[in-house]
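Architecture and fold: a report
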Amino acid sequence: MIELEGVPELIDPVMVAAFEGWNDAGDAASTAVAHLDREWKGEVFAALDAEDYYDFQVNRPTICLDGGTRKVTWPTTRLSVVRVGGEQPRDLVLVRGIEPSMRWRSFCNELLGFAHELGVEMVVILGALLGDTPHTRPVPVSGVTSDPDLARSMDLEETRYEGPAGIVGILQEACTHAGVPAVSLWAAVPHYVSQPPNPKATLALLNRLEDLLGLRIPLGELPEDARAWQLGVDQLASEDSEVAEYVQTLEEARDTAELPEASGEAIAREFERYLRRRDAGPGQAPGGHATESGDTAYLRDTSGGRNRPAKSPRPEGEGRTAPGAPPANGSARPDTAADDGEGDDGPARSSEESPDD
């Protein structure tokens, strides 16, 4: 039984999740959720029992001094809630942790239990993969779902992936089978500069999340960090002629693949984002205002829990966003294949290994 004492009734809640590990190249996805938690001052209200899901020889606990007292921090997954202010406030349930070492089905069921009790309308899972994409171009971010109706209503790609899966794909499939609308957003990270952090990929995920949910996310220092990161990689590439030549090859392939359609989509998304930020008045809360996304009501028809009656559909075409840019030439698709996932663990995978969609 999930106890949620002290958690208020939430407004149009959306669950946003990310997990360190195989599905988190450059730590881009987990850093994005950490940014949301920090900027909106999230309050942790629950944590999964680490004993149930983690191998402590793989993910070691840490010891630190807290006011002279030694404190052990166990690897786990924590849930927090943030309120996005504005004329139409809404709540985000943030899920951040490490990809579990075992019992993936129980792990997903526990998260779905929280989603049910909190009345979550949609689950958005962030991921990052290694791909053949140049660091000098905008980060490709794709949005995929297993729900054909959701794919049509929100201009997402319906996944057709088959193969090995990480926890992002497994959780998305669990949501689909439970009747909870779920979307995965994937950023492609250059495989030749895969070490964390990658603020440019983190920024791209947050921008795509803005477009998907129709809200304004305070970005803080991320844009400047992303520019500094690219300049640093530019400097490293210029010092190695082979790397510089390889980057140029990737640039040519990317530019050829994207023109002219993808560039038009990118311009449209950027213009929509500009209008959203411009319309945020000076007296508005830092989070900006939120609007509902899509054409359909996303609440499940269940008894009990904290779900509320579905809202009326929006007018045709309102609240939709353009699809995410496809992965660069040769890059992988993210995962949504069903798999038990027992004991799967390891570093973020590349497109040559076992891409997830």
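Every value quoted in this text rests on a predicted model; they were computed, and no experiment measured them. (Residues numbered from 1 in each chain as written. Predicted model: local features only at pLDDT ≥ 70, side-chain atom pairs only at ≥ 80, totals over all residues. Heavy atoms only, no water.)

**A word on the pattern of salt bridges**
The test is simple: By salt bridge we mean one thing: a side-chain nitrogen of Lys or Arg within 4 Å of a carboxyl oxygen of Asp or Glu. Where helices and strands are cited, they refer to DSSP runs of H or I of at least four residues and of E of at least two residues respectively, numbered from the N terminus.
The full count for this structure, using the stated rule, is six salt bridges. Between arginine 83 and aspartate 91 there is a salt bridge, with the nearest N and O atoms lying 2.4 Å from each other. Arginine 137 serves as the salt-bridge partner of aspartate 255, at 2.9 Å between the closest nitrogen and oxygen. Residue aspartate 255 is found in helix 8 (residues 241-258), and its partner arginine 137 is found in the loop between strand 7 (122-131) and strand 8 (141-145); the two are separated by 118 residues along the sequence. Where salt bridges share partners, they join Arg137, Glu251 and Asp255 into one cluster.

**Remarks on the pairing of strand 7**
Cut-off, in case you're wondering: Each residue is assigned to one of three classes by its accessible area relative to the maximum for its type, calculated with a 1.4 Å probe on protein chains only: buried under 20%, partly exposed between the two thresholds, exposed over 50%. A pair of strands counts as paired when DSSP detects no fewer than two bridges linking them.
Extensive coverage of strand 7 is indicated by the burial of ten of its ten residues. With four bridges connecting them, strand 1 (residues 14-20) and strand 7 associate as parallel partners. From the neighbouring strand, valine 16 faces strand 7, where its bridge partner is valine 124. Looking at chain direction, strand 7 and strand 10 (residues 182-190) are connected through nine bridges and run parallel. Paired with leucine 129 across the bridge in strand 10 is alanine 188.

**Examining the pairing of strand 5 (residues 78-84)**
The buried fraction of strand 5 is high, at five of seven residues. Of the pairings in the sheet, the one linking strand 2 (residues 43-47) to strand 5 comprises four bridges and is antiparallel in character. Within strand 5, the position partnered with glutamate 43 by the bridge is valine 81. The pairing of strand 5 with strand 6 (residues 90-98) spans seven bridges and is antiparallel. What sits directly across from leucine 79, in strand 6, is valine 95. The hairpin formed by strand 5 and strand 6 contains five residues between the paired strands, and glycine 86 there has a positive phi angle of roughly 125°.

**Regarding unusual backbone geometry**
Note that the residue after proline 196, namely proline 197, is joined by a cis bond; omega there is -5°. Among the structural elements, proline 197 can be located in the loop between strand 10 and helix 6 (199-213). Here aspartate 27, not a glycine, exhibits a phi torsion of approximately 55°, which is positive. By secondary structure assignment, the location of aspartate 27 is in the loop between strand 1 and helix 1 (28-39). Under the relative-accessibility criterion, aspartate 27 is labelled partly exposed at 32%. Positive phi, close to 50°, is recorded for arginine 103, a residue that is not glycine. By the element assignment, arginine 103 lies in the loop between strand 6 and helix 3 (104-118). For arginine 103, a relative accessible area of 37% puts it in the partly exposed group.

**Description of the sheet that holds strand 5**
Counted only if it meets this: Contacts: residue pairs with any heavy atoms within 4.5 Å of one another. For helices, the axis comes from a line fit to the C-alpha atoms of the stretch in contact; other axes are also lines fit to C-alpha atoms, and the angle between any two N-to-C directions lies between 0 and 180 degrees.
One open sheet accounts for eight strands, arranged 2-5-6-1-7-10-8-9; its pairing is mixed. Unpaired on one side and paired on the other, strand 2 and strand 9 (157-158) mark the two borders of the sheet. In terms of strand pairing, strand 1 meets strand 6 through seven bridges, oriented parallel. For alanine 18, the partnering residue across the bridge sits in strand 6 and is arginine 96. Across the sheet, helix 3 lies against strand 1, strand 2, strand 5 and strand 6, angled at about 155° from strand 1, the strand it touches most.

**Things to note about a negative patch on the surface**
Spelled out, the test is: Like charges within 9 Å and nonpolar side chains (Val, Leu, Ile, Met, Phe, Trp, Tyr) within 5 Å are joined into patches, using only residues over 30% in relative accessible area that form no salt bridge. Only the protein chains shown count as cover for residues, and the accessible areas themselves come from Shrake-Rupley with a 1.4 Å probe. Charge convention: Lys and Arg are scored as positive, Asp and Glu as negative, and His as well as the terminal groups of each chain are ignored. The atom standing in for a charge is NZ when the residue is Lys, CZ when it is Arg, CG when it is Asp and CD when it is Glu.
A cluster of like negative charges, contributed by Glu239, Asp240, Glu242 and Glu245, occupies part of the molecular surface. Within the element layout of this structure, glutamate 245 appears in helix 8.

**Some words on the packing of helix 1 against helix 6**
Which entries qualify depends on this criterion: For classification purposes, an angle smaller than 35 degrees is called roughly parallel, one larger than 145 roughly antiparallel, one from 65 to 115 roughly perpendicular, and anything else oblique. Handedness of a crossing follows from how the near helix is turned relative to the far one, being left-handed for an anticlockwise turn of less than a right angle and right-handed for a clockwise one.
For the pair helix 1 and helix 6, the least separation of the axes is 8 Å and the interaxial angle reads 60°. By the criterion of interaxial angle, the relationship of helix 1 to helix 6 is oblique. Here the hand of the crossing between helix 1 and helix 6 comes out right-handed. Where helix 1 approaches helix 6, its residues Ala28, Ala29, Thr31, Ala32, His35 and Leu36 are matched on the opposing element by Ala201, Thr202, Leu205, Leu206 and Leu209.

**Description of the confidence of the model for the protein chain**
The condition that has to hold: One number per residue, pLDDT, summarises how confident the predictor is, and it ranges from 0 to 100.
Of all residues in the protein chain, 71% attain a pLDDT of 70 or more, and the chain-wide mean is 78. Contacts from residues 281-347, a stretch scored under 50 in pLDDT, to residues over four places away or in other chains number 206 contacts. For the stretch residues 350-357, pLDDT sits under 50, and the model shows 38 contacts to residues farther than four places along the chain or on other chains.

**Examining helix 3**
Heads up, the condition is: Helix span, as expected, comes to 1.5 Å for every residue beyond the first.
Along its 15 residues, helix 3 runs 21 Å from first to last C-alpha, staying within 8% of the 21 Å computed at 1.5 Å per residue. Within helix 3 the residues assigned to the buried category are Trp104, Phe107, Cys108, Leu111, Leu112, Gly113, Phe114, Ala115, His116 and Leu118. Once helix 3 ends, the next one or two residues include glycine 119, with phi positive near 70°.

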